[in-house]
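# Topology and contacts: notes
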Amino acid sequence: MRNASRPEPWKRGPVLTALALLLGLFMLLHANIPNRIGNLGSLVETLLPWFGLFIPVLLAGALWRRSASAVAALLLPVTVWLNLFGGLLSDKSHPGSDLIVVSHNVGADNPDPVGTARDLAASGADVLALEELAQQARSTYEKELAKTYPYHTVQGTVGLWSKRPLSDTRPVDIKQDVGPLGDAKPADVKMAYNRALRTTVATDQGPLAVYVAHLGSVRVNPRAGFWTDSRDRNAQALGEAIAAERNERVVLLGDLNGTTDDRAFDGITSQLRSAQDAAGDGFGFSWPARFPVARIDQILVRGVQPESSWVLSATGSDHLPVAAGISW
């Protein structure tokens, strides 16, 4: 009589079944989550891969409850997650490349700029982009990198070091200062805090336009939610600058303070593709260095072929350096 009174497997665990379906729909329809309240949509998209962790939790619950309906319902979030991120689980890299590029937010509070510079010089990079260059550390990086990289430019807090000649170098206005107070700032003050540049790297295959950018920071707090105002404004301005670029071959290196899944970068990702997505192995998380949970340091390209993409070992920064090999 006790066995007869138990619910059938398809009727057990209705709450688990509902949660599994909701999780699948949540990931499937993430682009429809509005940003009107605390930029919730962008926050979800930043952490989107991690929602897959709920799947084994729900599976364990379904097996404990012996719920066939919950197990079946889990097919939806599993399918959606694999469709979104399954391609990142395999190694898509190819041996060899014409040029190795590296990008690193070296951190204004980096306690060991000398060690960081030496590690980066030993990385094998042909082109090296640095972001968050503190004024007091600039000379250290210039000194330590001079032997490996005969050509370099620093525009405010971002810089590029290269084994190949540079030309047509200029800062890029990403609308860091807006409004009456921003307009009133002298040009030299604005330049000191400039966070983006554009230059041309001479290669054996022709000129390569390289952008280096460090977009505005984001914050999560109870009142404002996911605050991204300056970053989103920077991203839009950077997208417009890239759209105006006449060179067919473009590489963007930098700390974008967001993942490429975030809708805020649609103006950039519609023009450039991620080297990590195309030729990486895994998610390539780069921040924070001690326990990376998101890839906010990006290498995006147009007109060149990504051959490989990887994350370098930690330095004194709170970011990990990211690298890619590209070919023509």
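Right above here is the structure, for reference.
A short tour of the structure in this document, coming up. (Residues numbered from 1 in each chain as written. Predicted model: local features only at pLDDT ≥ 70, side-chain atom pairs only at ≥ 80, totals over all residues. Heavy atoms only, no water.)

A word on unusual backbone geometry. Across the junction of Trp-287 and Pro-288, the peptide omega takes the value -10°, indicating a cis bond. Note on placement: Pro-288 falls in the loop between helix H13 (275-279) and strand E12 (297-302). Unlike most non-glycine residues, Asn-39 shows phi in positive territory, near 50°. Position of Asn-39 among the secondary structure elements: in the loop between helix H2 (14-28) and helix H3 (40-46). The phi torsion at Lys-175 lies on the positive side, around 60°, for a residue other than glycine. Mapped onto the elements of the fold, Lys-175 is located in the loop between strand E5 (166-171) and helix H9 (179-184). (Helix = DSSP H or I, 4+ residues; strand = E, 2+ residues; numbered from the N terminus.)

Time to look at the packing of aromatic side chains. In this description, a pair of aromatic rings is defined by centroid distance and the angle of the planes. Taken as a whole, this structure holds seven aromatic pairs when the rule is applied. Relative to Phe-54, the ring of Phe-51 lies with its centre 6.2 Å away and its plane at 35°, an arrangement referred to as tilted. Taking the centre distance of 5.6 Å and the plane angle of 55° together, the rings of Trp-81 and Phe-85 count as tilted. Taken together, the positions of Trp-81 and Phe-85, both in helix H6 (residues 75-85) and four residues apart, correspond to about one turn of that helix. (Phe/Tyr/Trp six-rings, centres within 6.5 Å; stacked < 30°, edge-to-face > 60°.)

Let us look at the pairing of strand E14 (residues 322-327). Counting buried residues along E14, six of its six residues qualify, which places the element largely inside the surrounding structure. Here strand E1 (residues 99-105) pairs with E14 via five bridges, running antiparallel. Paired with Ile-100 across the bridge in E14 is Gly-325. (Buried < 20%, exposed > 50% of the residue type's maximum accessible area, 1.4 Å probe, protein only. Pairing = 2+ DSSP bridges.)

Turning next to the sheet that holds E12. Ordered in space as E5-E6-E7-E10-E12-E11, the six strands form an open sheet in which the pairing is mixed. If you trace the sheet from one side to the other, it starts and ends with E5 and strand E11 (273-274), each paired once. Bridge analysis of E5 against strand E6 (residues 196-203) gives four bridges, and the strand direction is antiparallel. Bridging from a neighbouring strand, Pro-171 pairs with Leu-197 of E6. Contacting strand E7 (206-214), strand E10 (250-255) and E12, helix H11 (residues 229-243) runs over the sheet at an angle of about 170° to E7. (Contact = heavy atoms within 4.5 Å. Axes fitted to C-alpha atoms, helices over the stretch in contact; angles between N-to-C directions.)

To continue, consider the side chain of Ser-162. Tracing the chain through its elements places Ser-162 in strand E4 (residues 158-162). Residue Ser-162 is classed as buried on the basis of its relative accessible area of 0%. Polar side-chain contacts of Ser-162 include one of 2.7 Å to the backbone oxygen of Arg-164. In contact with Ser-162, not counting residues within four places along its chain, are Asp-126, Val-127, Tyr-149, Pro-150, Tyr-151 and Val-201. (Polar contact = N/O pair within 3.5 Å; in protein donor to acceptor, adjacent residues only side chain to side chain.)

This part takes up the environment of His-214. Note on placement: His-214 falls in strand E7. Residue classification places His-214 among the buried positions, given a relative accessible area of 5%. Residues His-214 and Asn-257 lie 43 residues apart in sequence; the distance between their C-alpha atoms is 7.7 Å. In contact with His-214, other than residues within four places in its own chain, are Asn-105, Glu-131, Glu-132, Val-158, Ile-174, Arg-195, Asp-255 and Asn-257. A distance of 3.2 Å separates the side chain of His-214 from the side chain of Asp-255, its partner in a polar contact.

Another aspect to go through is the sheet that holds strand E13 (residues 305-311). One open sheet accounts for six strands, arranged E3-E4-E2-E1-E14-E13; its pairing is mixed. Sheet topology places strand E3 (151-155) and E13 at the edges, where each strand pairs with a single neighbour. Adjacent strand axes in the sheet meet at a mean angle of 15° when their direction is disregarded.

Nothing here speaks to function; it is geometry throughout.
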